[in-house]
2 protein chains.
Amino acid sequence: MKHRTVWAVVVCGLVACAAVAHADDPLPSWSDGAAKQAIVDFVKVTTDASNPKFVPPEARIAAFDQDGTTWVSHPMYTQVVYCFDRVAVLAKEKPELRNREPFKTVLSGNREAIAKLTMKDLEIILAATLSGMTVEQFRSEVKGWLETARDPRWKRPFTELVYQPMLEVMKYLRANGYKTYIVTGGGQDFVRVYAEQVYGIPPEQIVGTMGGTKYGYAKDGQPVLTKEPKMLLNDDNAGKPEGIHLMIGRRPYIAFGNSTGDRQMLEYTGAGDGARLSLLVLHDDAQREYAYGPAQGLPNTKVGTFTQALYDEAKEKGWVVISMKNDWKRIFAFE
Amino acid sequence: MKHRTVWAVVVCGLVACAAVAHADDPLPSWSDGAAKQAIVDFVKVTTDASNPKFVPPEARIAAFDQDGTTWVSHPMYTQVVYCFDRVAVLAKEKPELRNREPFKTVLSGNREAIAKLTMKDLEIILAATLSGMTVEQFRSEVKGWLETARDPRWKRPFTELVYQPMLEVMKYLRANGYKTYIVTGGGQDFVRVYAEQVYGIPPEQIVGTMGGTKYGYAKDGQPVLTKEPKMLLNDDNAGKPEGIHLMIGRRPYIAFGNSTGDRQMLEYTGAGDGARLSLLVLHDDAQREYAYGPAQGLPNTKVGTFTQALYDEAKEKGWVVISMKNDWKRIFAFE
């Protein structure tokens, strides 16, 4: 065999190996490291029937926070952008809103004034834009908005700003018998509109902040469910494990979060028996996404607070901190 | 060929045919008739990709009321029996309850006095017996009770008093890609304790009356969810479609009920587009189970009211009325 032939065989072999390795890697957007290894180990241990930490298929529950964990939430939650945009539509139907606060401030577009809106103001805006219509009308309003609204930095639909590494984790878990759930502080009905298309997660697996609906009849006698300005459960902080119990009735084996709003969900998940894994996404990549914290000295922000205290609790309890900068080769599918 | 041989072949052929027919019949406890045919036709139409009424697998949702629809609820709901029995246990821990109403009446065992308890009395009893403990404690209390409690008529565990024909429908629907849900006025956490074993339905597919829980920490620092005496949603009457929207986020294609408490769920199901089927179980078999109504002149009762008005609405809207007497060959698996 000539040298050139030998080299050709070796090179082909290496290429084939690399291709196989890539095809076999369920998490190709993840760099090799502690975070990726922890996820792969968790799946191996919990799906191996001979392992004492084996989890029967029906108990395999995975919970994902959304904003800041599976898609961009900085500098403003997508749903809040929706509600603000929706105020303009409402003002066309009801011109009297133009001179009424807090609608007037939102319509002014004055960012400084908008940033000063109180929680009470926000509640009024949420109630006005997220209730009063049938569930079908709401679905179609959100759908229409998502088709045209664009994120100001990437100039893309918000639904494209999902983190590719997290989509890979969801698929990997599902391929191993896990039921994937979104457990979000966002509105349950809002997230349901796009979750099947964006995450492959059906509406019955979305746990979010729950608003009441009211059963009644339309003019033609057809039954309708109308969205009410009444909160049944605020699915944030302690509300997350409460929402998980309400909607799922089982403790997750693995949970992903990124802020203090996820603390109780990660505690609750981690405190179960057998193999449990709690993970936190750290936004430390100002170049490819954002860097905010203030864990590890990152700049503070109103949105998705990853405090140093949360970081310390993670270290103490063995939760995995995912560095977007170091653990993710790629952040978005469009990169 | 001799006559005897011919007969033997014919008889063997008939026996073989009968055996095959039985093996192929997904609903062997159902008599041939309109009700059985409606269910079989519904499944055929909605799972045939070439049929305009085909339903994609992810949208196949089936809803079953429980009390009186999938198991015996007469003369008293099983969960109420549980709460009454539980009062005796509570009174041992807190002797002061012995002289306090409505506990005193329940403890007296005086049926006439118990029957006169008001809705307010019942609420006090439910709050005292269904809240204040962790969700794990509650689960273990209900489990323990179910193991020893017996129905007074059949002298069997309550979990054996499920209707065999309904178990067959559940299996048949699941074999055809339907997700089966219990949608009950009973407590969500109560039904979850036994639903997987009794119906093959996991906790996340139980929609029931929802009580709040409170996240906190035990003395050892472990996170716990404690059941609160706070109702988030009364999953009965109009609460049923509201609960379906909250927990599932999709309209069912098929729904089973037996009383006015199911009316709105059946209306909501029936009003969807494409093939939808609403069905009502009529308790008209005093010999094998019970006969109560007052639809079709059956005796009135406090439990699971099937009124004549509901019967008329069923006829008008094309809902299927299932006669226990005529449509079911067998009621219980133990028969």
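Source: prediction; values computed, not measured.

Engineer: For the packing of helix α2 (residues 34-47) of chain B against helix α8 (residues 164-175) of chain B, give the residues involved together with the corresponding values.
Structural biologist: Residues and elements named next belong to chain B. Between α2 and α8, whose axes approach to 11 Å, the crossing angle comes to 10°. Between α2 and α8, the angle is such that the two are roughly parallel. Every pair of crossing elements has a handedness; the one defined by α2 and α8 is right-handed. Along its contact with α2, which presents I39, V40, F42 and V43, the element α8 presents V169, Y172 and L173. Residues belonging to the contact of α2 with α8 are distributed by class as follows: seven nonpolar, no polar and no charged.

Engineer: Tell me about the interface of chain A and chain B, and name the residues and values.
Structural biologist: Each side of the interface is counted separately: chain A has 39 residues, and chain B has 39 residues. Buried surface at the junction of chain A and chain B, summed over both partners, amounts to about 3100 Å²; 51% is from carbon and sulfur atoms. Counting across the chain A and chain B interface gives eight salt bridges. Between E136 of chain B and R251 of chain A there is a salt bridge, with its nearest N and O atoms 3.5 Å apart. In this structure, the connection of chain A to chain B is made through 25 residue pairs in polar contact (both at pLDDT 80 or more).

Engineer: Could you give me a rundown of the sheet that holds strand β6 (residues 277-282) of chain B, with the residues and numbers involved?
Structural biologist: Residue and element names in this part refer to chain B. As summarised here, the arrangement of the seven strands in space is β4-β3-β2-β1-β5-β6-β7, forming an open sheet in which the pairing is mixed. Whereas interior strands pair on both sides, the edge strands pair on one side only; in this sheet they are β4 (223-233) and β7 (320-323). Neighbour-to-neighbour, the strand axes of this sheet turn through a mean angle of 35°, independent of strand direction. Sheet analysis places strand β3 (residues 206-217) next to β4, joined by seven bridges and oriented antiparallel. Note that in β4 the partner of G216 across the bridge is V224. Set on the sheet, helix α10 (residues 239-247) makes contact with β2 (179-187), β3 and β4; between it and β3 the angle comes to about 55°.

Engineer: I'd like a rundown of unusual backbone geometry, residues and numbers included.
Structural biologist: Cis geometry is found at the peptide bond from E101 of chain A to P102 of chain A, where omega equals 0°. Residue position: P102 of chain A is located in the loop between α3 (78-93) and α4 (103-108). A cis amide bond, omega 0°, links H74 of chain B with the succeeding residue P75 of chain B. Mapping P75 of chain B onto the fold places it in the loop between β1 (61-64) and α3 (78-93). In this model, Q296 of chain A sits at a positive phi of 55°, which is unusual for a non-glycine residue. Along the polypeptide, Q296 of chain A turns up in the loop between β6 (277-282) and α12 (308-317). Residue class for Q296 of chain A comes out partly exposed when judged on its relative accessible area of 45%. The phi dihedral of K155 of chain B is positive, around 55°, even though this residue is not glycine. Among the residues examined, K155 of chain B registers a relative accessible area of 61% and is labelled exposed.

Engineer: Break down the relation of the copies chain A and chain B for me, with residues and values.
Structural biologist: Rotating chain A by 180° and translating it 0.0 Å along the rotation axis places it on chain B, where the RMSD comes to 0.0 Å. In symmetry terms, the pair is related by a two-fold rotation axis. Of all interface residues in chain A, 100% are interface residues in chain B too; the two copies therefore contact each other through one and the same surface.

Engineer: Could you give an account of the side chain of T69 of chain A, with specific residues and numbers?
Structural biologist: All names here are of chain A. In this structure, T69 sits in the loop between β1 (61-64) and α3. Looking at T69, its side chain comes within polar contact range of the side chain of D65, at 2.7 Å. For T69, the residues in contact, after removing those within four places along its chain, are Y163, M166, F256, G257, N258, D262 and V281.

Engineer: Let's hear about the packing of aromatic side chains: which residues, and what values?
Structural biologist: The description of an aromatic ring pair rests on the distance of the ring centres and on the angle between the ring planes. In total, this model carries 32 aromatic pairs over all chains according to the counting rule given. For the pair Y82 of chain A and F190 of chain A, a centre-to-centre distance of 5.4 Å together with 55° between the ring planes defines the contact as tilted. Residue Y82 of chain A is found in helix α3, and its partner F190 of chain A is found in helix α9 (residues 188-199); the two are separated by 108 residues along the sequence. There is no split in this pair, since Y82 of chain A and F190 of chain A are both buried. Centre to centre, the rings of F332 of chain B and F334 of chain B are 4.9 Å apart; their planes meet at 5°, and the pair counts as stacked. Take F332 of chain B: its relative accessible area is 0%, and that puts it in the buried class.

Engineer: Break down the environment of Y215 of chain A for me, with residues and values.
Structural biologist: Within the secondary structure, Y215 of chain A sits in strand β3 (residues 206-217). Sequence separation between Y215 of chain A and T134 of chain A is 81 residues, and the spatial gap between their C-alpha atoms is 9.6 Å. Non-local contacts of Y215 of chain A, meaning those with residues more than four positions away in its chain, are made with P223, V224 and L225 of chain A together with A238, P241, E242, Q264, E267 and Y268 of chain B.

Engineer: Describe in detail α3 of chain B, supporting the description with residues and values.
Structural biologist: When the terminal C-alpha atoms of α3 of chain B are compared, their 23 Å separation across 16 residues agrees well with the 22 Å that a helix rising 1.5 Å per residue should span. Among the residues making up α3 of chain B, those that are buried are T78, Q79, V80, V81, Y82, C83, F84, R86, V87, L90 and A91 of chain B.

Engineer: Break down the pattern of salt bridges for me, with residues and values.
Structural biologist: In this structure the tally under the stated criterion is 36 salt bridges over all chains. We note a salt bridge from D189 of chain A to K227 of chain A, for which the minimum N-O separation is 2.8 Å. Of this pair, D189 of chain A sits in helix α9 while K227 of chain A is found in strand β4 (residues 223-233), placing the two residues 38 residues apart along the sequence. In terms of burial, D189 of chain A and K227 of chain A fall into one category: buried. Linking D262 of chain A and K240 of chain A is a salt bridge whose minimum nitrogen-to-oxygen distance equals 2.7 Å. Within this pair, whereas D262 of chain A is found in the loop between β5 (254-257) and α11 (263-270), its partner K240 of chain A is found in helix α10 (residues 239-247), the two being separated by 22 residues in sequence. Neither residue differs from the other here; D262 of chain A and K240 of chain A are each classed as buried. Each of the salt bridges in this network shares a partner with another, and the network as a whole consists of K179 and R250 of chain A together with E196 and E204 of chain B.

Engineer: So what about the sheet that holds β1 of chain A? Which residues, and what values?
Structural biologist: Residues and elements named next belong to chain A. Across the sheet, seven strands lie side by side as β4-β3-β2-β1-β5-β6-β7; this open sheet has mixed pairing. The sheet is open, and its two borders are formed by β4 and β7 (320-323), each paired with just one other strand. Across the sheet, the mean angle from the axis of one strand to that of its neighbour is 35°, orientation sign disregarded. Across four bridges, β1 lies against strand β2 (residues 179-187) in parallel orientation. Note that in β2 the partner of F64 across the bridge is I182. Along the sheet, helix α2 (residues 34-47) contacts β5, β6 and β7; its crossing angle with β6, the most-contacted strand, is approximately 155°. Packing of helix α8 (residues 164-175) onto the sheet brings it into contact with β1, β2 and β5, and relative to β1 it is tilted by some 165°.

Rules used throughout
Residues numbered from 1 in each chain as written. Chains lettered and ligands numbered in written order. Predicted model: local features only at pLDDT ≥ 70, side-chain atom pairs only at ≥ 80, totals over all residues. Heavy atoms only, no water. Axes fitted to C-alpha atoms, helices over the stretch in contact; angles between N-to-C directions. Helix = DSSP H or I, 4+ residues; strand = E, 2+ residues; numbered from the N terminus. Parallel < 35°, antiparallel > 145°, perpendicular 65-115°, else oblique. Left-handed = near helix turned anticlockwise from the far one by under 90°. Contact = heavy atoms within 4.5 Å. Nonpolar A, V, L, I, M, F, W, Y, C, P; charged D, E, K, R; others polar. Buried area = accessible area lost by both parts, 1.4 Å probe. Salt bridge = Lys/Arg side-chain N within 4 Å of Asp/Glu carboxyl O. Polar contact = N/O pair within 3.5 Å; in protein donor to acceptor, adjacent residues only side chain to side chain. Pairing = 2+ DSSP bridges. Buried < 20%, exposed > 50% of the residue type's maximum accessible area, 1.4 Å probe, protein only. Least-squares fit on C-alpha atoms with pLDDT ≥ 70 in both. Phe/Tyr/Trp six-rings, centres within 6.5 Å; stacked < 30°, edge-to-face > 60°. Expected span 1.5 Å × (residues − 1).

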